[in-house]
Amino acid sequence: MHDVAKHDDSKGQYFWVWGALLFLTAIEVWLGYRQIFQPVRMLQVLLLLSIIKSALIIGYFMHLKFEKAIMRWMIVISVTACFVIMYFFFFPDAGRILRLGVK
Amino acid sequence: MAEATLQHTAAVGHEPAGEFEAPLFGAYSKKVGMWLFLASDSLTFGALLFAFSYNRIYTAWPTPFGKESIINATIMTACLLSSSLTMVMAVFAAQRNDRAWTRNWLLATMAFGTAFIVLHGMEWTHLIHEGLTLPGFPKSVEHGAGDYATISSGVPQFAATFFGLTAMHMLHVTIGVIYLGVVALRKWFLPILGVIWLGAYLAIPADNVFHYGVHALLLGLIVSAIILFLKPKDYDAHDVEVSGLYWHFVDLVWMFIFPLVYLMSTKV
């Protein structure tokens with residue numbers, strides 16, 4: 001059987017990642033409270049922070065960073081492609097409602 | 001018949017006995033299987049989040065969540081993030097073949113997950129009592145008639161998307177806690193889960209939505225029992241790592257639900 005994924009065994013980096021995730025969460029909550037941005041800009045900023053957090057979780061906690069390149073790219077490309085297709089299904093239709101109105 | 005068997009063996013068995021081709025993805029099959037499941041499950045949550053965003057952008061969306069809800073959701077987020085750290089520690093312990101610490105870290109992860117579920121359940125109960133509800137929910141005696149009741153009747157998409165998304169996630173966390181319990185304690189976990197299910201069912205009042213929702217634990221108990229009795233095994237480092245992948249995934253999904261559902265709907 002293939003070995004369990006071997007990677008840099010220093011536990012310290014996981015505590016750093018955990019700290020970074022908590023810090024980014026604190027920034028999100030602060031932004032949510034302060035309402036610095038308009039809703040659309042706020043959505044963009046929060047989504048960007050969420051993508052950074054998810055990259056940390058997938059890369060370090062889920063160890064994808066330490067997997068073979070073919071595994072990394074297969075997962076990332078296939079899931080991203082599906083989300084892009086989903087986006088093109090949902091939002092042009094929503095825009096059409098705005099332009100044409102609901103009858 | 002024998003000739004056909006020989007032809008089949010010649011067609012399939014390219015390698016001599018005991019030798020295997022290196023795996024394409026450099027990982028054992030269980031791990032690749034879990035990754036594929038998670039990729040498909042991410043599309044389920046993706047569709048729900050897209051549906052939420054669709055409604056959020058094109059509807060006069062209410063922003064009812066006050067300080068109390070946001071603090072509660074922030075503590076829940078901290079619980080999930082901390083549970084991911086303890087899960088990583090469990091994987092490390094399993095790789096060292098340290099069975100005691102593997103179990104301890106898994107139990108710590110389950111404790112954080114359970115705290116998340118309990119906090120979420122309390123928040124749901126509070127919101128339902130305040131008037132945020134769906135047609136299928138039991139009617140509470142103390143049903144409120146404030147902001148949340150107005151939102152439920154005026155913008156029904158709010159309650160539908162909020163309860164739909166968070167219920168789906170809560171179900172995944174519950175399944176995760178049961179999964180980790182099976183890996184950590186094996187058959188010893190079954191009576192514990194049974195007691196928790198019965199205790200929760202008896203303790204939660206009949207007008208609370210979780211009075212029936214708690215039967216998810218009974219379903220988990222039945223499925224776990226079937227798995228543990230049909231295929232009893234001693235879970236190894238691979239199993240702990242694969243269960244960890246699932247657990248980190250539920251953490252990952254929450255990283256999108258928390259800002260989109262809660263922080264984009266804060267009361268200014």
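Reading the values: rules and limits
Residues numbered from 1 in each chain as written. Chains lettered and ligands numbered in written order. Predicted model: local features only at pLDDT ≥ 70, side-chain atom pairs only at ≥ 80, totals over all residues. Helix = DSSP H or I, 4+ residues; strand = E, 2+ residues; numbered from the N terminus. Buried ≥ 20, exposed ≤ 12 C-beta atoms within 10 Å, placed from the backbone. Contact = placed C-beta atoms within 7 Å. Nonpolar A, V, L, I, M, F, W, Y, C, P; charged D, E, K, R; others polar. Core = buried A, V, L, I, M, F, W, Y, C linked by C-beta atoms within 7 Å. Arc of directions from axis to C-beta. Axes fitted to C-alpha atoms, helices over the stretch in contact; angles between N-to-C directions. Parallel < 35°, antiparallel > 145°, perpendicular 65-115°, else oblique. pLDDT = per-residue confidence, 0-100.

## As for the overall build of chain B
On a plain count of helices and strands, chain B comes out with 10 helices and zero strands. Starting at the N terminus and ending at the C terminus, chain B contains elements arranged as α-α-α-α-α-α-α-α-α-α. When burial is assessed residue by residue, chain B has 37% of its 268 residues classed as buried. The contacts in chain B between residues at least 6 apart in sequence include a share of 76% that link residues at least 24 apart.

## Here's the deal with the overall build of chain A
When its secondary structure is counted, chain A shows three helices and zero strands. Starting at the N terminus and ending at the C terminus, chain A contains elements arranged as α-α-α. Taking all 103 residues of chain A together, 19% fall into the buried category.

## A look at the interface of chain B and chain A
In this complex, chain B contributes 40 residues to the contact, which on the side of chain A involves 39 residues. Counting residues per element, the ones that place at least two in the side of chain B that touches chain A are helix 2 (29-58), helix 3 (67-95) and helix 10 (237-262) of chain B. Counted by class, the side of chain B that touches chain A contains 28 nonpolar, 10 polar and two charged residues.

## Re unusual backbone geometry
Residue and element names in this part refer to chain B. At Asn97, a residue that is not glycine, the phi angle is positive and equals roughly 60°. Checked against the element boundaries, Asn97 lands in the loop between helix 3 and helix 4 (99-130). For Arg186, which is not a glycine, the phi torsion comes out positive at approximately 50°. Position of Arg186 relative to the elements: it lies in the loop between helix 6 (156-185) and helix 7 (189-203).

## Digging into the nonpolar core
Residues and elements named next belong to chain B. Ranked by size, the top nonpolar core spans 81 residues in total, and within it Ala90, Leu180, Val253, Ile257, Phe258 and Val261 carry the most contacts. For this core, the element with the most residues is helix 10, which contributes 16 residues. If sequence neighbours within four positions are ignored, Val261 has contacts with Phe52, Phe162, Leu165 and Thr166.

## Remarks on helix 5 (residues 147-154) of chain B
Residues and elements named next belong to chain B. Listed in full, the buried residues belonging to helix 5 are Tyr148, Ile151 and Ser152. End-on view of helix 5: buried residues confined to an arc of 100°, all on one side of the axis. Away from its buried face, by an angle of more than 90 degrees, helix 5 presents the exposed residues Ser153 and Gly154. Check the buried side of helix 5 and you find it contacts helix 4 and helix 6.

## Remarks on the packing of helix 2 (residues 39-61) of chain A against helix 10 of chain B
Contact pair helix 2 of chain A / helix 10 of chain B: the axes reach a minimum separation of 9 Å and the direction vectors enclose 175°. In terms of orientation, helix 2 of chain A and helix 10 of chain B fall into the roughly antiparallel class. Contact residues: Leu46, Ser50, Lys53, Ser54, Ile57, Ile58 and Phe61 of chain A in helix 2 of chain A; His248, Asp251, Leu252, Met255, Phe256 and Pro259 of chain B in helix 10 of chain B. For the contact of helix 2 of chain A with helix 10 of chain B, the class distribution of residues is eight nonpolar, three polar and two charged.

## Topic: the confidence of the model for chain B
All names here are of chain B. With 89% of its residues at a pLDDT of 70 or more, chain B shows a mean pLDDT of 87. When pLDDT is averaged over each helix and strand of chain B, the minimum, 44, is found for helix 1 (residues 2-12) and the maximum, 96, for helix 7. Here residues 1-15 scores under 50 on pLDDT; set against residues more than four positions off or in separate chains, the count is two contacts. Here the complex is predicted with pTM 0.87, and the ipTM for its interfaces comes to 0.85.

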